[in-house]
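Chain and residue survey
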Amino acid sequence: MKEHKGAHAFNSDHHTVVTIGTFDGVHIGHQKIIERLVNTARAGNLESAILTFFPHPRMVLQKDAGIKLINTIEERKEILEKSGIDHLIIHPFTQQFSRLSAREFVRDILVNKLKARKVIIGYDHRFGRNRTADINDLREFGREYDFEVEEISKQDVEDVAVSSTKIRKALLEGRVEKANQYLSYPFALAGTVVKGKGLGKEFSYPTANLHINENYKLIPKNGVYVVRSVIDGKVVFGMMNIGTNPTVGGTEKTVETYFFDLDKDLYGEYLSIELLTRIRDEKKFDTIEALKRAMKQDEAFSFQYIRDNYAK
């Protein structure tokens, strides 16, 4: 896969099949479109291209929206790289770009820059200034500029019954297993391990405190989760607490993970940690001893879950 920083940086001698979208989550619905894209390109001796945008359009057009995304842009790139596409074009979404008319977008971007011979889009796709153009307009432009348009039917999309919005909602409600089912891969949080207050070590549960650089990354509902990561080439399981640690008077939200069977200083390391299932809500316990007992129960739950789902 070749990555291009904007449509104007795209350079290929071949004509393309293009699909367009933000692809947040690259979920099973997106995967269906991408599979169609790749197969169509191969059958027609064309190259497959995804035109996506960053920042997310809602970040630019509705600055108070506060949208949180399933993937960071780096995570989105990593997932798309595994899909078999030839080109990923990440176009900067700006106020100026949003003001392009539908004709300017089709002529200047799809035709002149990306050399599109076919465009594959979802049944409800809208584009151009104020998103006023639809599939019928695109077909008209196709006849004018000599490219085909293929629509992913409403039935095809509804058969999958998933959307980025549904996944975000599931994560914010703590339903991580449902989100993972929609994604077809585990949702992950990634960042650098930084020094915390060291309270976990006092409880015999030393934790890796994860600092997530991207403030637009969605953090699931507060609570305790069973998690998995790869550290030094080895799969390591653990339990993660998302929340404020109210029992010890905490107020700042943190993401802390206790890894089982790991004796290693992780400070400064960059980790990607997959969330597998949710154990419980974060609670304020009356005593430290009560918190320790709960953590022992969380640990027992985690070991049973891992045995049931990941034992070889």
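Higher on the page you've got the structure.
Keep in mind that this is a model prediction, so the values were computed, not measured. (Residues numbered from 1 in each chain as written. Predicted model: local features only at pLDDT ≥ 70, side-chain atom pairs only at ≥ 80, totals over all residues. Heavy atoms only, no water.)

1. Describing the packing of aromatic side chains
Summed over all chains, the structure comprises 10 aromatic pairs. Here Phe-93 and Phe-97 contribute two aromatic rings whose centre-to-centre distance is 5.6 Å and whose plane-to-plane angle is 75°, an arrangement assigned as edge-to-face. Between Phe-260 and Phe-303 the ring centres are 4.6 Å apart and the planes differ by 55°, which places this aromatic pair in the tilted class. One end of the pair, Phe-260, is in the loop between strand 11 (254–259) and strand 12 (270–280); the other, Phe-303, is in helix 11 (residues 288–310), with 43 residues separating them in the sequence. With relative accessibility at 5%, the residue Phe-260 sits in the buried group. (Phe/Tyr/Trp six-rings, centres within 6.5 Å; stacked < 30°, edge-to-face > 60°. Helix = DSSP H or I, 4+ residues; strand = E, 2+ residues; numbered from the N terminus. Buried < 20%, exposed > 50% of the residue type's maximum accessible area, 1.4 Å probe, protein only.)

2. As for the sheet that holds strand 2 (residues 16–20)
Pairing is parallel across the open sheet formed by six strands, whose spatial order is 1-4-3-2-5-6. At either margin of the open sheet sits one strand with a lone partner, and together these are strand 1 (2–4) and strand 6 (148–152). Here the strands of the sheet are splayed against their neighbours by 20° on average, with no regard to which way each runs. Here strand 2 pairs with strand 5 (residues 116–122) via four bridges, running parallel. Note that in strand 5 the partner of Val-18 across the bridge is Val-119. Where helix 6 (residues 135–145) meets the sheet, it contacts strand 5 and strand 6, and its direction lies at approximately 160° from that of strand 6. (Pairing = 2+ DSSP bridges. Axes fitted to C-alpha atoms, helices over the stretch in contact; angles between N-to-C directions. Contact = heavy atoms within 4.5 Å.)

3. Re the pairing of strand 9 (residues 223–231)
With respect to burial, strand 9 is a largely interior element, eight of its nine residues being buried. Pairing geometry for strand 9 and strand 10 (residues 234–243), over nine bridges, is antiparallel. Paired with Val-224 across the strands is Asn-241, a residue of strand 10. Counted between consecutive antiparallel strands, the loop separating strand 9 from strand 10 contains two residues, among which Asp-232 sits at a positive phi close to 55°. The sheet contact formed by strand 9 and strand 12 spans six bridges and is antiparallel. If you follow Arg-228 over to strand 12, its bridge partner there is Glu-274.

4. Points about the side chain of His-125
Following the sequence through the fold, His-125 ends up in the loop between strand 5 and helix 6. On the accessibility criterion, His-125 (18% relative accessible area) is buried. Contacts of His-125, omitting those with residues within four sequence positions, involve Ile-20, Ala-133, Asp-134 and Ile-135.

5. Comments concerning the pattern of salt bridges
Per the counting criterion, the structure on display carries 22 salt bridges. Between Glu-148 and Lys-118 there is a salt bridge, with its nearest N and O atoms 3.9 Å apart. Note that Glu-148 is positioned in strand 6 and Lys-118 in strand 5, a separation of 30 residues in sequence. Residues Glu-269 and Lys-264 are paired through a salt bridge, measuring 2.1 Å at the closest nitrogen-oxygen approach. Among the residues examined, Lys-264 registers a relative accessible area of 33% and is labelled partly exposed. (Salt bridge = Lys/Arg side-chain N within 4 Å of Asp/Glu carboxyl O.)

On their own, these measurements won't tell you what the molecule is for.
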